[in-house]
Structure formats: structure tokens, C-alpha cells
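Given next are the chains, with one letter for each unit.
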Amino acid sequence: MMSVSFAEGINSKDEARKLADKMVSHFIKKEFSEGMSLAKTHWPLPKVELDNLISKIQGQWPIVDKRFGKAIGSELVREDKIGDSFIRYFYLHKFKNHAIYWKITFYKPEKHWMVNGVSFRDNLDILYQ
């Protein structure tokens, strides 16, 4: 039997943005479990899938560290919307040698926002569009 968490709603886009900011502040410090745990109550994702996502990020991170160097900060660089139902924030995670971006998506099916996805990429092409 799969355990699914029931998401608590986020009341506004401002609250969603604050949550995304806090998550990224943890990611910059390699605190992936802490950052994702902030989203956990707002994300209708089975616990096992969320735990797998955290493990995947932690497993890939030594490659990021070696390739890009020391983390030096973050920067919100883009906000995209699809109508009144989706909002996505893009954050640069800046390192000495390069940057990656975090993409955090929220969905509002009715009255409240919920986390809909979190990922990171090192190909920055999408940010130039």
C-alpha cells in the first residue's frame, strides 16, 4: 500500500514565493532534506517518492561539488505563470565555476496553492528564452 501525504494549502502566491525562497536557502547549504521537508506538507506526493527525490539529489551532489566548486549564493532569476493555476520560480544556485538552476513549481487547483515539482539542472539555456 502506498502512503500518500495530503497537502496543506498555501494561501497566496506570496506565501508560495516565501516557501520557495526558504527551500533554496537550504539547498545552497546542502541541506536537501531540510529544504524538501519544508515542502512536504504542501506537496501531495507519496512519502517514498519524496524520499527518493532527496536521495537522488544527495547522490548527484558530489558531482556538482567537484565540477562547479564552492557554492557562493543564489538569485531568483525568473517567475513564470500559466493563467491563475501554475507558478514556477527559477533560482540560480551560484558556484565559483558555474551555476545550476532550481525550478520550483506550484499548482492551484481550486483555492490553495500546493507544491507541484522541484528539480535542478545545469543547462541554463531555458533561462535565456
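The structure under discussion appears in the preceding block.
Residues numbered from 1 in each chain as written. Predicted model: local features only at pLDDT ≥ 70, side-chain atom pairs only at ≥ 80, totals over all residues. Heavy atoms only, no water.

A. Expanded view of the overall build of the chain. Counting its secondary structure elements, the chain contains 3 helices and 4 strands. Starting at the N terminus and ending at the C terminus, the chain contains elements arranged as α-α-α-β-β-β-β. For a compact globule of 129 residues, the expected C-alpha radius of gyration is about 14 Å, and the chain comes in at 15 Å, within 12% of that figure. In terms of overall dimensions, the chain has C-alpha extents of about 40 × 35 × 20 Å along its principal axes. Within the chain, the fraction of its 129 residues that count as buried is 38%. Summarising the internal contacts of the chain: among those between residues at least 6 apart in sequence, 52% fall at separations of at least 24. In the structure as shown, the chain presents an accessible area of about 7,800 Å², 50% of it carried by carbon and sulfur atoms. Here the chain contributes 21 positive and 16 negative side-chain charges, whose respective centroids are spaced 4 Å apart. (Helix = DSSP H or I, 4+ residues; strand = E, 2+ residues; numbered from the N terminus. Rg over C-alpha atoms; globule rule 2.2 N^0.38 Å. Buried < 20%, exposed > 50% of the residue type's maximum accessible area, 1.4 Å probe, protein only. Contact = heavy atoms within 4.5 Å. Areas by Shrake-Rupley, 256 points an atom, 1.4 Å probe, with all protein chains shown as cover. Lys, Arg positive; Asp, Glu negative; His and termini not counted. Charge placed at Lys NZ, Arg CZ, Asp CG, Glu CD.)

B. The arrangement of the nonpolar core in detail. One finds Met36, Trp61, Trp102, Phe106 and Val118 to be the most contacted residues of the largest nonpolar core, which totals 31 residues. For this core, the elements supplying multiple residues, two or more each, are helix 1 (13-28), helix 2 (32-40), helix 3 (47-68), strand 2 (86-95), strand 3 (99-107) and strand 4 (114-121). Per-element accounting of this core gives the leading share, 7 residues, to helix 1. What Phe106 contacts, discounting residues up to four positions off in sequence, is Ile10, Ala16, Leu19, Ala20, Ser85, Phe86, Ile87, Tyr89, Trp113, Met114, Val115 and Asn116. (Core = buried A, V, L, I, M, F, W, Y, C linked by side-chain atoms within 4.5 Å.)

C. Structural view of the packing of aromatic side chains. Under the definition given, this model contains 12 aromatic pairs. An angle of 75° between the planes, with centres 5.3 Å apart, marks the rings of Trp61 and Phe120 as edge-to-face. Separated by 59 residues along the polypeptide, Trp61 in helix 3 and Phe120 in strand 4 bring together distant segments of the chain. Looking at Trp61, the relative accessible area reads 4%, which means it is buried. For Phe120, a relative accessible area of 14% gives the class buried. Plain terms: the ring middles of Trp102 and Phe120 are 5.1 Å apart, the flat faces sit at 50° to each other, and that makes the pair tilted. Here Phe120 lies in strand 4 and Trp102 lies in strand 3, a separation of 18 residues in the sequence. Neither residue differs from the other here; Trp102 and Phe120 are each classed as buried. The aromatic ring of Phe90 is capped on one face by Arg78, whose charged end is 5.0 Å from the ring centroid. (Phe/Tyr/Trp six-rings, centres within 6.5 Å; stacked < 30°, edge-to-face > 60°. Lys NZ or Arg CZ within 6 Å of the ring centre and 35° of its normal.)

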